[in-house]
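# Summary of structural features
So you can see what is in the structure, the chains are spelled out below.
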Amino acid sequence: MTEPLHGPAKPTPFGVERDPARVVAFSDGVVAIAVTLLVLEIRPPHDTGHLVHGLVALWPSYLAYSVSFMLIGQVWVNHHVMFDHIRSADRVVLFLNTVLLMDIAFLPFAASVLADAFRDGRGQRVAVVLHGAAFEFAAVLFNVIWWHARRDRRLLAATIDSAGVRAIARRFRLALAWLGAGTLLGALFPVLGVAVIAAFVPYYWLPIEGEIERAKRRAGRGRQA
């Protein structure tokens, strides 16, 4: 967990240090609303006389919902990864996090466009690029926020060492490359682009090994004591 701030707020080149607890709470709320809005884009078939066929025909909506929900879930997890180690937030972190939340709020729309394009059989390339670019922009913001936090070490808590900071940075850069590749492929081969982006889901749920090295060492010392 993030170490709480004690005493008066300290000045930084970008405003005073602030407790990030409210940032996390606000972000959790926006993410919760975004994933809820995703399911509202799956509209039930009007022809209940052929309900099975109508439900099967909604497969593009199921696909867009599943991929987008899991990707937003990863956004939420990695947001906690960041703010578990960010002990204070300056105005740059507050601004960048606000832009990130703006992008997250846009994701249900991008998922809806993706589903409609595959259902109608037109505009798939543009839809995949829009969907991928929205997540790519989120990945860019994660990298920038973490770069800013590690650049000003005062913003980071003592819960993580330099190796852990680098491990998280590597994972965030991987997201940038992976989602970017899927988006570019989607501009040429929409189905392949979606497949590459979807393949990102299971891998990215793996733990970040370097992040937990200090916790492992502390646990080992505790067992030896």
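The model shown is predicted, which means the values in this text are computed figures rather than measured ones.

The rules behind the values
- Residues numbered from 1 in each chain as written.
- Predicted model: local features only at pLDDT ≥ 70, side-chain atom pairs only at ≥ 80, totals over all residues.
- Heavy atoms only, no water.
- Helix = DSSP H or I, 4+ residues; strand = E, 2+ residues; numbered from the N terminus.
- Contact = heavy atoms within 4.5 Å.
- Areas by Shrake-Rupley, 256 points an atom, 1.4 Å probe, with all protein chains shown as cover.
- Patch = residues over 30% accessible without salt bridge, like charges linked within 9 Å, V, L, I, M, F, W, Y side chains within 5 Å.
- Salt bridge = Lys/Arg side-chain N within 4 Å of Asp/Glu carboxyl O.
- Lys, Arg positive; Asp, Glu negative; His and termini not counted.
- Charge placed at Lys NZ, Arg CZ, Asp CG, Glu CD.

### Comments concerning the overall build of the protein
A count of helices and strands for the protein gives 8 helices and 2 strands. Ordered by position in the sequence, the α and β elements of the protein form the string β-β-α-α-α-α-α-α-α-α. In the protein, once contacts between residues fewer than 6 apart in sequence are set aside, the share between residues at least 24 apart is 76%. Entry remark: accessible area of the protein is about 11900 Å², with carbon and sulfur atoms responsible for 68%.

### Brief notes about a positive patch on the surface
Taken together, the side chains of Arg 150, Arg 166, Arg 170 and Arg 173 present a region of like positive charge at the surface. Along the chain, Arg 170 turns up in helix α6 (residues 162-188).

### Observations regarding the pattern of salt bridges
On inspection of all chains with the given rule, the structure shows 2 salt bridges. A salt bridge links Arg 119 to Asp 116; its shortest N-O distance comes to 2.2 Å. Placement of both Arg 119 and Asp 116 in helix α4 (residues 91-120) is noted, with a separation of 3 residues, approximately one turn of the helix.

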